[in-house]
Amino acid sequence: MFEKVLIANRGEIALRIHRACRDMGIKTVAAHSTADANAMNVRLADESVCIGPPPARASYLNIPSILSAATITGADAIHPGIGFLSENADFADMVVEHGFTFIGPTPEHIRMMGDKVRAKAAARELGIPTVPGSPNALADAGTAIESARGIGYPVLLKAAAGGGGRGMKLAHNEADLRMLLPLAQAEAQAAFGDSSVYMERFLDRPRHIEVQLLGDGQGTVVHLGERDCSLQRHHQKILEETPSPGLDPAARERVAQIAVRAMERLGYQSAGTIEFLYQGGEFFFIEMNTRLQVEHTISEAISGIDLVREQLRIAAGEPLGYRQSDIQLRGHAIECRINAENPDDFRPSPGRVSEYHAPGGPGIRVDSGLYQGYEVPPFYDSLVAKLIASGGDRDECLMRLRRAMEEYVIGGIETTIPLHQRLLDNADFRGGDYDIGWLERFLGRNDG
Amino acid sequence: MFEKVLIANRGEIALRIHRACRDMGIKTVAAHSTADANAMNVRLADESVCIGPPPARASYLNIPSILSAATITGADAIHPGIGFLSENADFADMVVEHGFTFIGPTPEHIRMMGDKVRAKAAARELGIPTVPGSPNALADAGTAIESARGIGYPVLLKAAAGGGGRGMKLAHNEADLRMLLPLAQAEAQAAFGDSSVYMERFLDRPRHIEVQLLGDGQGTVVHLGERDCSLQRHHQKILEETPSPGLDPAARERVAQIAVRAMERLGYQSAGTIEFLYQGGEFFFIEMNTRLQVEHTISEAISGIDLVREQLRIAAGEPLGYRQSDIQLRGHAIECRINAENPDDFRPSPGRVSEYHAPGGPGIRVDSGLYQGYEVPPFYDSLVAKLIASGGDRDECLMRLRRAMEEYVIGGIETTIPLHQRLLDNADFRGGDYDIGWLERFLGRNDG
Amino acid sequence: MRFRGRRATLAPDPDLIRSLAKLLDETRLTEIECSAGDQRIRVSRQVVAASPVAANSPSSGEKTLAAAAPPPGSNGAARPGANGHDHPGVLKAPLVGIAYLAAEPGQAPYVKVGDTIAEGQTLMIIEAMKVMNQIRAPRAGKLSQVFVGDAEPVEYGTALMLIE
Amino acid sequence: MRFRGRRATLAPDPDLIRSLAKLLDETRLTEIECSAGDQRIRVSRQVVAASPVAANSPSSGEKTLAAAAPPPGSNGAARPGANGHDHPGVLKAPLVGIAYLAAEPGQAPYVKVGDTIAEGQTLMIIEAMKVMNQIRAPRAGKLSQVFVGDAEPVEYGTALMLIE
């Protein structure tokens, strides 16, 4: 096992990784920007190195600084965390070239899944269903109607040359299609100087379902169930839960098997997540995240498995040492992302935390670097705390979450706690009746 | 289910009960002394009533005040918590007479187990083994040797008329016994004016093992495994863990079955605990606690069952609704009791909490009413926080505990955190190799 | 003491109290009580002067709550019994119960504001567990204020009356 | 920057530094280094003045830590680069790496305290990822202090030299 791990990240996830290291007796090095010198993860780290000024490109994306920090502190591995360099295959290559272990999958797998087109092709090869579509450029109505038969209505006509909605037309049946194809082609021509148009199955109310995976690259792949991350604003997840209230046991098992089989074929090594759109009983590949995810905590809650610990063990060459049948998924867990933002207009609210008191008691976990007197810097994303509740069933979990929100005190800055409290009182949410568009409809804003 | 519960207690356990009520949508009334007006449980309660001045006999033991508080607030049930009136059968009777529900077992069962002699007799009837001993007054060496055969050596000779060690003699064999009996009798005569002496099996290095039970009084009794509470100072538990590192699976199952069978026969209703001494593969009844216990949290951690919720459900007349086979005990959990005391000489350290920051992350639960600016009053016991860690196995649990202790900040008062840190680094403790006398030997004090 | 406090937002409105007081005069009523949801206001010429001290009747007890449950870390908490009634002549409730100002509903109260009080004179009753506890004057003096209304719950330390 | 900081308890002892400085004089050594467990102290006549500023060499960096990792809630934290070196003439490390004061081990350093510095003159090397980065003088002046020792690690913002 590693003796010393450099954590090339910040905020709650850097603290999360620090904790996993400490829980394994591994020393930590916090690589931080000048803006994060007083961050909790830096204070708790065994060692710390300032790697640059506040802008991420000069610090948390500054590869030479990070590698030098690992060199001068004698770290033997680097954990990239989430975001920043975590899905940068070149960084992963350089980490290895410089004689450190990269805590994550192989650069090849990062590269493969990092490119949307390659990833979609890879997914198909690995037996993961993707949104059905036509080859580019539908010659004429005949071809269009024929491929639409294969794809299934409703279909969305899209300009091959561009995006942004221009040239897009939604066809519910053949009649629509006959009528709309020429219009779409004309619009595409006008907008992009290219009239070619292709089509895809249109999903109007999908859920975002993702499967948490662990592979040891030694033949064993397991899943820790799915997560429902449909509550999004501007494509940012706000609240995640597991299991999904929108899946029946058969669908749950099906998507897990699709994901596990695919990773077995790929020989995937480390923690990873495959994201799907789910509608009408069908799952369609969105993308694969070849890293830890913010919402990994809820899978930990129901499985009792520490995902960061597993990343470290796998990176150190250890086999998983257990199989799917050894994993019990128990109860229900929900994570609320608490951002330093105005809960109504979502304006960021950095500044000094004048009071801080975290909730406690049964079934409550808090992952946060906040403390009384801490200054939330304005340079980075606004996630400042994750409140995770678990319980025997969804109702117990929701009640604990609501109670913990009442106890949570974060003074001096605005946070999205009030938004979460509104969500927890909402009948649709309590009923599990929501899709990817629901939150923005709830917020009365469709600019997302 | 109840609409409003009055909590007739203070400190972390009052907060614990408040949380369980909130998690069930039940309103809470905090009955508190003037000294606790600013306590966290009072602040979070829906309603609060000051029931008297600081001394417990005038407030937390003031039955008329507590019943009047329930009357004026329209509470429909009273939770007595731990200590104070929780094992006062007369209080339980009066609560019922005044038309409230007592959240706990029947007054009869409280009474039965509250009297040491009756409890021991009841235990025998219920098939619970007790420390073997002779009837009072051993006539002569012959009788003594004969009963010693039945009891098994070593045996402890005790003065029937008194305690405090006077007249006590330890006999390892017949020869000892012949020699020591007259001495014991003479000492007893001198000390208590009564020479009668009886004998009991002597346990030199027992462990304290207790079984957590839930009975619904409707035919169902389940256990949530055992707890090892051998780490004690002056008979006060300092740290508890489950499962016990000192039991093998067979012994574990045996003691659980003894306890469950006994409670089935008794028709016990509510949460309760049977405490045993364990040595040489044998379990001996100490006493039964007909209430919640401080260390209930670790049983919650491995079972996923909220024990206070179950107390409330049972008191409301609901059946458990599950059987033993539905309960999975998973992983390992340890609770550290953090007292406001000097960690070396254990002098109480009340006062103002100048800084407070609770640990977080996976596997960590904190039950505490502390907050920055809170004044720990000098009038009550010194337990101010419970840090509970759970993990897949004992090692993960220990590592998380050690890490969380590093993160925990309680400023302005002295706490026993440093003592726990020493314990966590001790080889005997890490090896699970300890008994009831171990902690005081570790502390180098045998005055306990 | 807080009743349904956490849900309440009513900060007692002095103008409201004044206008109700005027209504008392105008209508020669002795008491007006209004409530809306969790909020309740009650003014009575007989026992409660329509003055800021009315803020100590439970009807506006939420105010005490608002102060008594600040977020942790702040120190705004007000202790029951310490709510501005530390005048040596203030008589405080020695037990929890229901305060009665008269022996029977509708009867004249034991004492009225302005009365001269003799030591040991019965001032009110506090009922606890169906026992009527007579509250007697600890000292002689003039009754200058009554802080609680008839049949109102009191906790340990609640200010009852002011004898000067 | 902290090395094994959390385990360290050494607060740099000015008297210790002074006595080591005296030993330097007496023995005409150019450097004395002692370590005990996690604690390390190093004084060198050549680049580090045996003066309180030595407290800024990583050898006593634990002090910065001691300040940099107070319990949450207190505000004693010192930001790297803000450790008392905000004099406009202070040259700070523009990157993370190993500082070299001389081109080759044993050779004379690029510059010594007291030297007159020309703008653009090479003052030291910082090695990062096996690249030797020349650190040049941003302005002309007199080199009055050197804050880092040869072959010592530096983080972004570490005070390197003072040019007045």
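Residues numbered from 1 in each chain as written. Chains lettered and ligands numbered in written order. Predicted model: local features only at pLDDT ≥ 70, side-chain atom pairs only at ≥ 80, totals over all residues. Heavy atoms only, no water.

**What to know about the overall build of chain A**
Just so we agree on the cut-off: Under the scheme used here, helices are H or I runs from DSSP no shorter than 4 residues and strands are E runs no shorter than 2 residues, and both carry numbers assigned from the N terminus. A 1.4 Å probe rolled over the protein chains alone gives each residue an accessible area, and that area as a share of the maximum for its type sets the label: buried under 20%, exposed over 50%, partly exposed in between. Contacts were defined at the residue level, with two residues in contact if any of their heavy atoms lie within 4.5 Å. Note on areas: these come from Shrake-Rupley sampling with a 1.4 Å probe, and a residue is covered only by the protein chains present in the view. Charge assignment: positive for Lys and Arg, negative for Asp and Glu; neither His nor the chain ends contribute. Note on charges: their place is set at NZ of Lys, CZ of Arg, CG of Asp or CD of Glu.
A tally of regular secondary structure across chain A gives 15 helices and 20 strands. In terms of overall dimensions, chain A has C-alpha extents of about 70 × 50 × 45 Å along its principal axes. When each of the 448 residues of chain A is scored for burial, the buried share is 62%. Considering only contacts in chain A between residues 6 or more positions apart, those separated by 24 or more positions represent 65%. Working note: accessible area of chain A is about 15,300 Å², and carbon and sulfur atoms make up 49% of it. Seen as two clouds, the 46 positive and the 60 negative side-chain charges of chain A have centres 1 Å apart.

**Concerning the overall build of chain C**
For chain C, the count of helices and strands is 2 helices and 10 strands. In sequence order, the secondary structure elements of chain C are arranged as α-β-β-α-β-β-β-β-β-β-β-β. Across the 164 residues in chain C, those meeting the buried criterion constitute 44%. For chain C, contacts bridging at least 24 residues in sequence account for 57% of all contacts bridging at least 6. Approximately 8,000 Å² of chain C is accessible, and the part contributed by carbon and sulfur atoms is 54%.

**Describing the sheet that holds strand β7 (residues 131-136) of chain C**
All names here are of chain C. In plain terms, the rule: Two strands pair if DSSP finds at least two bridges between them. Fitted lines through C-alpha atoms give the axes, limited to the stretch in contact for helices. The angle between two N-to-C directions lies from 0 to 180 degrees.
Strand order in the open sheet made by the 4 strands is β7-β6-β4-β9, with antiparallel pairing throughout. Only two strands of the sheet have a single neighbouring strand rather than two, namely β7 and β9 (152-154). Averaged over neighbouring strand pairs, the angle between their axes works out to 35° when direction is ignored. Summarising the sheet, strand β6 (residues 122-128) and β7 pair through 6 bridges and their orientation is antiparallel. Pairing of M124 across the sheet is with I135, part of β7.

**Side note on the interface of chain B and chain A**
To keep it simple, the criterion reads: When two components associate, each loses some accessible surface as probed by a 1.4 Å sphere; the sum of these losses over both components is called the buried area. Counted as salt bridges are all cases of a side-chain nitrogen of Lys or Arg within 4 Å of a carboxyl oxygen of Asp or Glu. Under this definition, polar contacts are N or O atom pairs within 3.5 Å; protein pairs additionally need one hydrogen-donor-capable and one acceptor-capable atom, and for neighbouring residues in sequence, both atoms have to be side-chain atoms. In this classification, the charged set is Asp, Glu, Lys and Arg, the nonpolar set is Ala, Val, Leu, Ile, Met, Phe, Trp, Tyr, Cys and Pro, and all remaining amino acids, among them Gly, are polar.
Listed per partner, the contact involves 36 residues of chain B and 36 residues of chain A. In total, chain B and chain A occlude about 2,900 Å² of area from one another, counting both sides; carbon and sulfur atoms represent 45% of this. The largest contributions to the chain B side of the interface with chain A come from B:D23, B:R330 and B:H357, which together make up 22% of the buried area. There are 12 salt bridges connecting chain B and chain A. Put simply, chain B and chain A have 11 residue pairs in polar contact (both at pLDDT 80 or more) between them. Among the secondary structure elements, those contributing two or more residues to the side of chain B that touches chain A are α1 (11-23), α2 (40-44), α10 (296-303), β16 (355-357), β17 (364-368) and α12 (394-407) of chain B. The element that contributes the greatest number of residues to the side of chain B that touches chain A is α12(B), accounting for 6 residues. Its residues assigned to classes, the side of chain B that touches chain A shows 13 nonpolar, 8 polar and 15 charged.

**Things to note about the pattern of salt bridges**
Within this structure, the stated rule accounts for 91 salt bridges over all chains. Between B:D46 and B:R22 there is a salt bridge whose closest N-O contact spans 3.0 Å. One end of the pair, B:D46, is in the loop between α2 and β3 (47-52); the other, B:R22, is in helix α1, with 24 residues separating them in the sequence. Close ionic contact of B:K237 with B:E210 constitutes a salt bridge, the shortest N to O distance being 2.9 Å. Taken together, the residues span a long stretch of sequence, with B:K237 in strand β11 (residues 236-242) and B:E210 in strand β9 (residues 207-216) at a distance of 27 residues. Residue class for B:K237 comes out buried when judged on its relative accessible area of 11%. For B:E210, a relative accessible area of 0% puts it in the buried group. In the salt-bridge network here, residues are joined through shared partners; they are A:R16, A:R19, A:D23, A:E300, A:D306, A:R309, A:R365, A:D367, B:E396, B:R400, B:R403 and B:E407.

**Overview of the relation of the copies chain B and chain A**
As a reminder, the rule being used: Copies overlap after least-squares fitting; the atoms used are the C-alpha atoms of residues with pLDDT of at least 70 in both.
Relative to chain A, chain B is turned by 180° and slid 0.0 Å along the rotation axis, the superposed coordinates differing by an RMSD of 0.1 Å. The superposition operator between the copies reduces to a two-fold rotation axis. Mapped onto chain A, 100% of the interface residues of chain B again fall at the interface, so both copies present the same surface.

**Section: the pairing of strand β19 (residues 383-391) of chain B**
All names here are of chain B. Burial runs high along β19: 8 of the 9 residues are buried. Where strand β14 (residues 332-339) and β19 come together, 8 bridges link them in antiparallel fashion. Residue pairing in the sheet places N339 in a bridge with L383 of β19. Of the strand pairs in this sheet, β17 and β19 are connected by 5 bridges, and their pairing is antiparallel. Paired with R365 across the two strands is I388, which belongs to β19.

**Focus: the packing of helix α7 (residues 141-151) of chain A against helix α8 (residues 174-192) of chain A**
All names here are of chain A. We count it as follows: Reported orientations rely on four angle classes, namely roughly parallel under 35 degrees, roughly antiparallel over 145, roughly perpendicular from 65 to 115, and oblique for the rest. The crossing is said to be left-handed when, going from far helix to near helix, the turn is anticlockwise and less than a right angle, and right-handed when the turn is clockwise.
At their nearest, the axes of α7 and α8 sit 10 Å apart, and the two run at 140° to each other. The angle between the axes of α7 and α8 places the two elements in the oblique class. Remark: the crossing between α7 and α8 carries right-handed chirality. Across the interface between the two elements, A141, A144, I145, A148 and R149 from α7 touch E174, L177, R178 and L181 from α8. Within the contact of α7 with α8, the residues separate by chemical class into 6 nonpolar, no polar and 3 charged.

**A look at the side chain of B:R403**
Summarising the element assignment, B:R403 is placed in helix α12. According to the relative accessible area criterion, B:R403 is buried, its value standing at 1%. Here B:R403 is in contact with A:R19, A:R22, A:D23, B:G360, B:G361, B:P362 and B:I364, once residues within four sequence places are set aside.

**A closer look at the sheet that holds strand β7 (residues 169-171) of chain B**
Residue and element names in this part refer to chain B. Pairing within the open sheet is antiparallel, and its 3 strands lie in the order β7-β6-β8. The open sheet terminates on both sides in strands that have one partner only, identified here as β7 and β8 (197-201). Strand-to-strand, the axes of this sheet are offset by a mean angle of 30°, without reference to chain direction. In terms of strand pairing, strand β6 (residues 155-159) meets β7 through 3 bridges, oriented antiparallel. Opposite L156, over in β7, you have L170 as the bridge partner. Sitting on the sheet, helix α7 (residues 141-151) touches β6 and β8, and the angle it makes with β8 is about 20°.

**What about helix α9 (residues 249-266) of chain B?**
All names here are of chain B. Spelled out, the test is: To estimate how far a helix should reach, multiply one less than its number of residues by 1.5 Å.
Taking 1.5 Å of rise per residue, the 18 residues of α9 would be expected to cover 26 Å, and the 26 Å separating its terminal C-alpha atoms lies within 8% of that figure. Among the residues of α9, A251, V255, A256, I258, A259, V260, A262, M263 and L266 are the ones counted as buried. Those residues of α9 that are buried are in contact with α5 (107-114), β9, β10 (221-233), β12 (269-279) and β13 (282-289). G267 occupies a position one or two residues after α9 and carries a positive phi of about 70°.

**So, the confidence of the model for chain C**
All names here are of chain C. Cut-off, in case you're wondering: Confidence scores per residue from the predictor, reported as pLDDT, run from 0 to 100.
Averaged over all residues, the pLDDT of chain C is 69; the fraction at 70 or higher stands at 49%. Here residues 4-11 scores under 50 on pLDDT; set against residues more than four positions off or in separate chains, the count is 23 contacts. Note that pLDDT drops below 50 for residues 46-84; the model gives that stretch 80 contacts with residues more than four away or on any other chain. Predicted complex metrics record ipTM = 0.77 and pTM = 0.84.

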